[in-house]
Each structure stands twice: as C-alpha cells, then as structure tokens.
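A look at the structure
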Amino acid sequence: MGGKVRWRWLSAEAALGGLVPFENASGAWPEAKVVVGAQPAKQVSLYLIGARKGRLPTLRELYDPTCNASNPGPTVNGICSNTVGNPKLAPEQTWHGELQLRMRPHPLVEARLSGYVRRIDGLIRLGTTSGQNENLSTVNVRGFETGFDVARDRIFGAGLTYIFEDAYSADPTLGFTAIPNFPNHRVDAYVASTWRKRVGAVLRFRWVSERYVQNVWLPRYDVTDLYVWGRITKWMRASVHVENLFDQSYLLLPGLAALPTTVTATVEGTWQ
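This report concerns the structure included in the present document. (Residues numbered from 1 in each chain as written. Predicted model: local features only at pLDDT ≥ 70, side-chain atom pairs only at ≥ 80, totals over all residues. Heavy atoms only, no water.)

This part takes up the overall build of the chain. Of the regular secondary structure elements, the chain holds one helix and 21 strands. The dimensions of the chain, computed from C-alpha atoms along their principal axes, are 65 × 50 × 40 Å. Taken across its 272 residues, the chain has 30% of its residues classed as buried. Accessible area for the chain stands at about 17500 Å²; split by element, carbon and sulfur atoms hold 61% of it. (Helix = DSSP H or I, 4+ residues; strand = E, 2+ residues; numbered from the N terminus. Buried < 20%, exposed > 50% of the residue type's maximum accessible area, 1.4 Å probe, protein only. Areas by Shrake-Rupley, 256 points an atom, 1.4 Å probe, with all protein chains shown as cover.)

If you want it as structure tokens, here you go:
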C-alpha cells in the first residue's frame, strides 16, 4: 500500500509492503520506500529517497550442485556430498539512502547527479575459504552517478554518464572486494539520431574498470554497440543490433571471453 501528497513545490510519497517466504512464514519482513521531493524552480528537482528491502536466495544459490573445490567431502555414488549450493542461506536485508538532483537548464539539455549509501546485511556470495555460498555479516556500499543528455529523441542527440561505486566489508579477507564483479568506475556515452519516429540509430560506448571475480582481478575493457531501427508500417518495426562493433577482446569471467562482433536482426509488430 502507498500514498502520495503534494503541496506547492514539495511532494512526498511512501509505500509499505512485506514479504512472506512460503517455506518459513515466521521469517517474514517488512519493506518500505519513502521519497521526499522538492522543486524550487521549474528547471530543478531534488529528491531524498530511503528504502528498506530484502532478497531471498535464488534456487542456484541454495542448491547449486557444483562440487565444492575447497572442501569436496565424501562422494556418494560419484556425486559430491559438499556442494557450492547452501540450503541454509538466509535472505539479504538492505537499507538504502539516496539524494538525487535533476536539472533542465535548457529544453534540450537534462543533467543529473545522485549519490547513495547502502548497508547490506547477509549479502550472499561464494565464500573465499569455505568454497560454499554464505551470508556475509555487513557490507557497506557507496556510490554516485552523474551525467547529461542533449537533444534526446531528436535528429541528433548525445549523452554521457559516469558511475563510481565501491563496497567494503570489515572482514579483512574481503575488504573492498566484498561484492564480486563490482567495478569501481564505469563510463557510458552515446550518440543517437531519430527522424520523425520512423528511423533511428544509437551508437553506444561503454568503459568498465578492473573488477574482482572468482579471486582474480580482470582487466578493464571497453566495448561499442550499434543499434539501428526503422518503421516498416504503423504496426511493424525492423531493427539490427551489432554488439561489440569493433571486435574487442575482453574477459567476462576468468577464462570466459566475450563474444566477437555479433549481429542480430529482428522484426517486431504490435497489435491493438
């Protein structure tokens, strides 16, 4: 349930709910989100956001049959008795606070800046010593995002976004590598064109800094994608998506390289 109120240039909205696990009704928890907004001028909006949420472990996290490399234990009928999956995992619980600033100094320009802090209790990840999925104690996350869009959805437009994030655990074996595959820096830039909502194209560039995955530091990488679309009829559209346009070689996971240049063509329609 929730509600929203507005008075002059101030606004507030709140939502309250809950989650009840089927297998353990006593483990239910409340969830909530509150957003307080202010718009002192037409071109400036400020939002303060607070939230409390949880996440149940996935089936893979609970029952992954992969053998525990650190402590395989005895084998029964050729099957490992100690697997990566852990059916005793508890849900993650998260507190989140965020401050957002949005500005529109010109009808064609939109800028944004936001910063957040997050506390995660019971973060689920593969243990560095146990070799099994486990709940961590407390992980503190912080980050900010800034960017702008110019002439979005016009004949020529462009945008740029920069994101910084890091996560810290008091566990000395984890430190700033508490969340796997969590790069500190990311850059996303694009140029786009749309003509009369009939044809359009987006050229997107992404740069990702080093990240820690499966006890290995993976190097930074960049990749460029191209998306072109055109309307065939009022109800039908065709598109071509070229991923990894310049055939960059980089690692998604240790030993797993990204696909080379891949082209996907689709035709989609709507019925009303």
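Position of serine 45 relative to the elements: it lies in strand S4 (residues 44–55). In contact with serine 45, other than residues within four places in its own chain, are Ala38, Gln39, Gln100, Leu101 and Arg102. (Contact = heavy atoms within 4.5 Å.)

To continue, consider the nonpolar core. In terms of nonpolar packing, the biggest core is built from ten residues, these being Tyr116, Ile120, Leu123, Leu136, Val139, Val141, Ala167, Leu174, Ala178 and Ile179. When contributions to this core are tallied by element, the ones reaching two or more residues are strand S8 (109–121) and strand S11 (138–150). Setting aside anything within four residues of it in sequence, one finds isoleucine 120 in contact with Glu92, Gln93, Thr94, Ser137, Thr138, Val139, Val141 and Ile179. Of all hydrophobic cores here, the second largest spans five residues; its members include Val208, Tyr221, Val223 and Tyr250. (Core = buried A, V, L, I, M, F, W, Y, C linked by side-chain atoms within 4.5 Å.)

This part covers unusual backbone geometry. Even without being glycine, arginine 196 reaches a positive phi, approximately 50 degrees. If you trace the backbone, arginine 196 turns up in the loop between strand S13 (185–195) and strand S14 (199–208). Residue arginine 196 is classed as exposed on the basis of its relative accessible area of 62%. Its identity is not glycine, yet glutamine 214 carries a phi of approximately 50 degrees, on the positive side. Assignment of secondary structure puts glutamine 214 in the loop between strand S15 (211–213) and strand S16 (216–218). Judged by relative accessible area, glutamine 214 falls into the exposed class, the value being 53%.

Nothing here speaks to function; it is all geometry.
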